[in-house]
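Geometric and topological summary
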Amino acid sequence: MSISQENKNKLKSLLGEERVFFKDETQMDQATFLSFGTDRTKVYVPDYEILTFPKNTQEVSEVVKFAFENDIKIVPSGGRTGYAGGAVAKSGEIVISLSKMDQVLDFDPFFGSLTVQAGMITKNLHKEAEERGFYFPVDFAATGSSHIGGNIATNAGGVRVVHYGLIRQWVLGLKVVTGTGEILEFNGEILKNNTGYDLKHLFIGSEGTLGIITECTLKLTKKPADNRILFTAVPDFSSILELFKETHNMPLPILAFEFLTKYCLDKVMDHLHVPDPFSEVSPYYVLMEFEITEESDDEKLFSFLETILEKGYVSDGSLAQNSRQAETFWKYREGISESISIDYTVHKNDISLPLRNMNPFLEDMQALLSSKYPGFEIALFGHIGDGNLHLNIVKPKDLSDAEFFSQCKKVDPSMFELLQKHHGSISAEHGIGLLKKDFLHFSRSSAEIEVMRMIKKALDPKNLLNPGKILP
Ligand SMILES: Cc1cc2nc3c(=O)[nH]c(=O)nc-3n(C[C@H](O)[C@H](O)[C@H](O)COP(=O)(O)OP(=O)(O)OC[C@H]3O[C@@H](n4cnc5c(N)ncnc54)[C@H](O)[C@@H]3O)c2cc1C
């Protein structure tokens, strides 16, 4: 697709020369230009025409109206840390990057809420909340790069969902630009508003297919007074589930319940050059974070550790002695994605199941892999307290990338059938994007998919917003 000089001038006049770039005349180097049209999937090759950096909602609306008039497809681009190909632009689109929209717009100290532009980096939002004496609880290994708008567009989870829930629970209000360029504002800053359909929820998790989120009002909470990390070695998978059940008897709130296998621990030790935190080898490890409010809470933790050792749910356990050690313990969990993605080729799956069906699912999955794909190893870890597994298939050394991904494509439907059998979901928190759209029917009925199409048509009649994502 070639863009006429008249249209180039029009866009330049809307945003200014320094905030619009064209593939065929960009001053930006090609790699940087293309990096705004991709994410962490590494499966797709970006190829698009125009890159824009609006600074406010009105400018986003103007760019969308321009795209609408000229039938140009649009890809909203956040922090590009997604794992589903949602931010990939590979068909001559216009990319709208939110990265210049990172301002605080308002703070309400009464409700404890913060209104920001959607391109604010999530970690910066954490800081802004803390500076005002509050806490924003959605956190995970990519929040140093991800945008709050991208988090909302993917309904992000993270490491403390077990206590705080997904980001959906923290969104009070949204401002969005639909596929026609219309600006819609939902709910604003109020807590209670039972006035018909709560439309903002449609946009949370819609991966840029219904509208571009430009501003959001987020509910904040109180920072935990203090916390303690308990890192444990677990002898078998069923004990992980028993251990989680046991935490329900704990008098202290549990903030995180994460697990990893020995395979993952080894990869992190290799990649980050950190020592083995346990003296004995164990097949599984669980990291728990508890909130504590008083000194005597430490005794409750030691007594919990004694109980779980006695019951045989854990074979070893260590309580972080200070914040530095707590940080180090977190590294063994948070360093996994990076360690396996940088040093290996992996096929990622982010799935969820009812906790009680985890064991039978994993047994079926193991049987499937060892019968059909004996050379494949799995890096298994995740937010197990939420029933969320990150199941990563690691490429055997002697297989080419192309052959590996083609074999994985054959494994996926069999795995999704197993998930369906055990009442699970094909995407827990990463979304559908391009990567899983052909498999949506494993988690959604055809009637549901039809309703999704109707909603999309109402908000994006020309199918310009992230077309080809989510819906098959
Ligand atoms: C190391 C690592 C760890 C991770 N851990 C987790 C985890 O624990 N939990 C979790 O949920 N995810 C996790 N992720 C995945 C990813 O970080 C999240 O999906 C994140 O919310 C994506 O935000 P982003 O700004 O990077 O979005 P992008 O990747 O830029 O985009 C994601 C999707 O949202 C759309 N989009 C982006 N911004 C907007 C906007 N303003 N309006 C409308 N649509 C928009 C894009 O078009 C795309 O479809 C992890 C990723 C990495 C690399």
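Residues numbered from 1 in each chain as written. Predicted model: local features only at pLDDT ≥ 70, side-chain atom pairs only at ≥ 80, totals over all residues. Heavy atoms only, no water.

Applying the stated rule across the entire model yields one cavity of 30 Å³ or more. Its volume calculated, the largest cavity comes out at about 60 Å³. Lining the largest cavity, in full, are Tyr83, Ala84, Lys348, Asn349, Asp350, Ser427, His430, Gly431, Leu435 and Lys436. Grouping the constituent residues of the lining of the largest cavity by class yields three nonpolar, four polar and three charged. (1 Å grid on protein atoms, 1.4 Å probe; cavity = no way out; pocket = protein on both sides within 12 Å on 5 of 7 lines; lining within 4 Å. Points joined across faces, edges and corners; volume = space filled by probe spheres on them. Nonpolar A, V, L, I, M, F, W, Y, C, P; charged D, E, K, R; others polar.)

Taking the UniProt record as the reference, the feature "domain: FAD-binding PCMH-type" (unreviewed entry) is found at residues 43–223. Counted over residues 43–223, helix gives 20% and strand 23%. Its end C-alpha atoms are 39 Å apart. (UniProt positions renumbered as here; feature names shortened; annotations may be inferred. Helix = DSSP H or I, 4+ residues; strand = E, 2+ residues; numbered from the N terminus.)

The next subject is the domain arrangement of the protein. Splitting the protein by domain gives domain 1 (5–97), domain 2 (104–219), domain 3 (226–337) and domain 4 (344–445). Using C-alpha coordinates to define each centre, domain 2 is positioned 30 Å away from domain 3. Around 720 Å² of area is buried between domain 2 and domain 3 when both sides are counted, 56% of it from carbon and sulfur atoms. Summed over the three residues of domain 2 that lose the most area to domain 3, namely Val159, Arg160 and Val162, the buried surface amounts to 64% of that side. Remark: the boundary between domain 2 and domain 3 carries one salt bridge. (Domains from an automatic or database assignment. Buried area = accessible area lost by both parts, 1.4 Å probe. Salt bridge = Lys/Arg side-chain N within 4 Å of Asp/Glu carboxyl O.)

Counting buried positions over the eleven residues of helix α8 (residues 237–247) gives eight, a clear majority of the element. Those residues of α8 that sit buried are Phe237, Ser239, Ile240, Leu241, Leu243, Phe244, Glu246 and Thr247. Buried positions along α8 lie against α6 (161–164), β10 (226–234), β11 (254–261), β12 (284–292), α10 (297–310) and α13 (358–372). (Buried < 20%, exposed > 50% of the residue type's maximum accessible area, 1.4 Å probe, protein only. Contact = heavy atoms within 4.5 Å.)

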